[in-house]
Amino acid sequence: MIKRTISCSPTQYNWILKVLFWRRGLYPPPPGESDIIGLEVAGTVDSLGPGVKTNWKPDERVMALLSGGGYAEYVAVPEELLMPVPSNLTLCQAAAVPEAWLTAFQLLDFIGTVKEGEVVLVHAGGSGVGTAAVQLVRLFGAVPVVTAGSPEKLKMAEKLGAAAGFNYKEGSFAKGVHDFTGGKGANVILDCIGGCNWEQNVSCLAVDGRWVLYGTMGGRSVDGDLLGKLLSKRGHLLSSLLRSRSLQYKANLVKAFSRRVLPHFSDQSASLKPVIDSTFSLEDIAEAHRHMEANRNMGKIVVNVIPQKQETQ
Ligand SMILES: NC(=O)c1ccc[n+]([C@@H]2O[C@H](COP(=O)([O-])OP(=O)(O)OC[C@H]3O[C@@H](n4cnc5c(N)ncnc54)[C@H](OP(=O)(O)O)[C@@H]3O)[C@@H](O)[C@H]2O)c1
């Protein structure tokens with residue numbers, strides 16, 4: 001075991017986002033990280049490595065962000081990246097929290113600096129990150145609007161707090177945002193789509209708006225007057241990747257998230273909820289991947305790596 005890490009076992013649920021990119025070789029692990037897939041886990045503490053300074057105890061329920069290696073019964077986690085599982089969440093629900101919610105929080109708070117009353121356009125509003133982002137935008141007192149590719153996903157986003165939703169397959173989301181904002185546009189755009197949407201994004205960005213790019217599911221190339229249009233809006237084009245960040249950055253993120261967001265999963269109104277699309281056992285992993293590749297999931301797909309009969313919580 002590595003110094004100052006904590007090993008989690010064995011009731012562990014893992015998440016499979018990024019698997020597709022991994023399988024296609026488009027998302028290699030940062031140098032020195034495991035090439036086993038799986039970026040987040042929930043489970044119980046098994047043992048503490050030498051030098052651990054925090055007060056985690058064996059059997060405590062925890063969840064963690066990883067740089068890889070989550071498809072396993074045991075993982076060693078730097079203590080700074082461990083979070084307690086909120087009391088009213090199951091381990092399965094908790095497994096859906098670390099990466100999607102820390103990503104959404106990082107994009108909205110650290111990168112996009114969303115302020116009360118601002119309008120935030122969240123693309124892929126039915127996705128893992130999207131469903132977290134919609135709820136966080138509401139928590140921050142701002143106004144989420146979303147795009148999605150089906151009426152079911154739009155409906156779910158609206159249930160989570162989206163003030164409006166636009167089916168990008170049926171018409172211009174930029175027009176929808178213009179109409180919703182009385183022509184002002186969105187103050188912040190959370191964009192995991194990229195290329196194919198650039199023109200609509202810049203068109204519905206508010207003056208001085210922040211366009212936060214964190215994925216390129218809709219392509220990487222841009223052909224046209226992006227810079228001129230962005231300049232005319234005095235727009236800020238920002239981008240971020242979480243996985244390649246330093247341990248210190250992630251530790252700061254986990255700390256800020258634990259203080260500002262985590263209590264809202266278990267407060268009286270329990271205002272935040274991880275959205276689970278489905279749970280698969282490890283034996284059915286191929287089916288889980290097919291489900292994700294078909295874009296059928298609404299929220300997160302969780303993989304249980306231990307046989308059901310050994311499951312304790
Ligand atoms: N930068 C970072 O640090 C970071 C961290 C985490 C995730 N990400 C990225 O964030 C993205 C979303 O992750 P996730 O876990 O939330 O994904 P997810 O739950 O698997 O959802 C992805 C959804 O995106 C939509 N989509 C896919 N291709 C599209 C396209 N060409 N145009 C429009 N919509 C498309 C689909 O929904 P519809 O049916 O609505 O089209 C799909 O269900 C991924 O690209 C991932 O790599 C980045």
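Residues numbered from 1 in each chain as written. Predicted model: local features only at pLDDT ≥ 70, side-chain atom pairs only at ≥ 80, totals over all residues. Heavy atoms only, no water.

The name an unreviewed UniProt entry assigns to the chain is Tumor protein p53 inducible protein 3, from the organism Stegastes partitus.

Counting its secondary structure elements, the chain contains eleven helices and 13 strands. Expressed as a percentage of its 313 residues, the buried residues of the chain come to 55%. When contacts within the chain are restricted to residue pairs at least 6 apart in sequence, those whose partners lie at least 24 apart make up 69%. (Helix = DSSP H or I, 4+ residues; strand = E, 2+ residues; numbered from the N terminus. Buried < 20%, exposed > 50% of the residue type's maximum accessible area, 1.4 Å probe, protein only. Contact = heavy atoms within 4.5 Å.)

Tallying each qualifying case throughout the model produces five aromatic pairs. Of the aromatic side chains, those joined through ring pairs into one cluster are Phe105, Phe110, Phe140, Tyr249 and Phe257. It is Arg245 that lies over the ring of Tyr249; its NZ or CZ is 4.1 Å from the centre. Against the face of Phe140 rests Arg260, its NZ or CZ located 4.1 Å from the ring centre. (Phe/Tyr/Trp six-rings, centres within 6.5 Å; stacked < 30°, edge-to-face > 60°. Lys NZ or Arg CZ within 6 Å of the ring centre and 35° of its normal.)

A few words on the nonpolar core. Counting 64 residues, the largest nonpolar core has Trp101, Leu108, Leu136, Phe257 and Phe265 as the members making the most contacts within it. If you tally residues by element for this core, the top one is helix H3 (residues 98-111), at eight residues. When we break this core down by domain, the ones giving at least three residues each are domain 1 (5-97 + 245-310) and domain 2 (100-239). Here Leu108 is in contact with Thr113, Val114, Val120, Ala133, Leu136, Val137, Phe140 and Leu190, once residues within four sequence places are set aside. Formed by 17 residues, the second largest nonpolar core is a distinct cluster that contains Val119, Phe173, Ile189 and Cys204. (Core = buried A, V, L, I, M, F, W, Y, C linked by side-chain atoms within 4.5 Å. Domains from an automatic or database assignment.)

Bringing the sheet that holds strand S7 (residues 143-148) into the picture now. Pairing is parallel in the open sheet, where six strands are placed in the order S8-S7-S6-S9-S10-S11. At either margin of the open sheet sits one strand with a lone partner, and together these are strand S8 (164-167) and strand S11 (236-239). Each neighbouring strand pair of the sheet contributes to a mean axis angle of 20°, computed without reference to strand direction. In the packing of helix H6 (residues 173-180) onto the sheet, the strands contacted are strand S6 (119-122), S7, S8 and strand S9 (186-191), and the crossing angle to S8 comes to about 160°. (Pairing = 2+ DSSP bridges. Axes fitted to C-alpha atoms, helices over the stretch in contact; angles between N-to-C directions.)

Our focus in this paragraph is helix H11 (residues 285-293). Three or more residues of H11 are buried, namely Ile285, Ala288, His289, His291 and Met292. The buried residues of H11 occupy an angular sector of 155° when projected down its axis, which confines them to one face. A positive phi of about 60° marks Asn295, the residue just after H11. (Arc of directions from axis to C-beta.)

Before going further, it helps to spend a moment on the side chain of Asn167. Take Asn167: it is sitting in strand S8. Every residue in contact with Asn167, bar those within four places of it in the chain, is listed here: Ala148, Gly149, Ser150, Pro151 and Leu154.

Another aspect to go through is the pairing of S6. Along S6, one buried face is formed by Val119 and Leu121 and the opposite face, lined by Val120 and Val122, is buried too. Note that S6 and S7 share four bridges and pair parallel. Following the sheet pairing, Leu121 is matched in S7 by Val145. Taken together, S6, helix H4 (residues 128-139) and S7 form a β-α-β motif whose crossover is right-handed. Looking at chain direction, S6 and S9 are connected through three bridges and run parallel. The residue of S9 that forms the bridge with Val120 is Val188. (Right-handed = clockwise from strand over helix to strand, strands pointing away.)

Taken as a whole and judged by the stated rule, the model has seven salt bridges. A salt bridge links Glu40 to Lys300; the nearest nitrogen and oxygen atoms lie 2.5 Å apart. On the criterion of sequence distance, the pair formed by Glu40 in strand S2 (residues 40-48) and Lys300 in strand S13 (residues 300-304) is long-range, its members being 260 residues apart. Close ionic contact of Arg234 with Asp208 constitutes a salt bridge, the shortest N to O distance being 2.9 Å. Linking Arg234 in the loop between helix H8 (226-232) and S11 with Asp208 in strand S10 (residues 205-213), this pair joins segments that are 26 residues apart in sequence. Taking relative accessible area as the criterion, Arg234 reaches 51% and is therefore assigned exposed. (Salt bridge = Lys/Arg side-chain N within 4 Å of Asp/Glu carboxyl O.)

Moving on: the environment of Val75. Mapped onto the secondary structure, Val75 falls in strand S4 (residues 75-78). Taking C-alpha positions, Val75 is 9.7 Å from Ala64, a pair spaced eleven residues apart along the chain.

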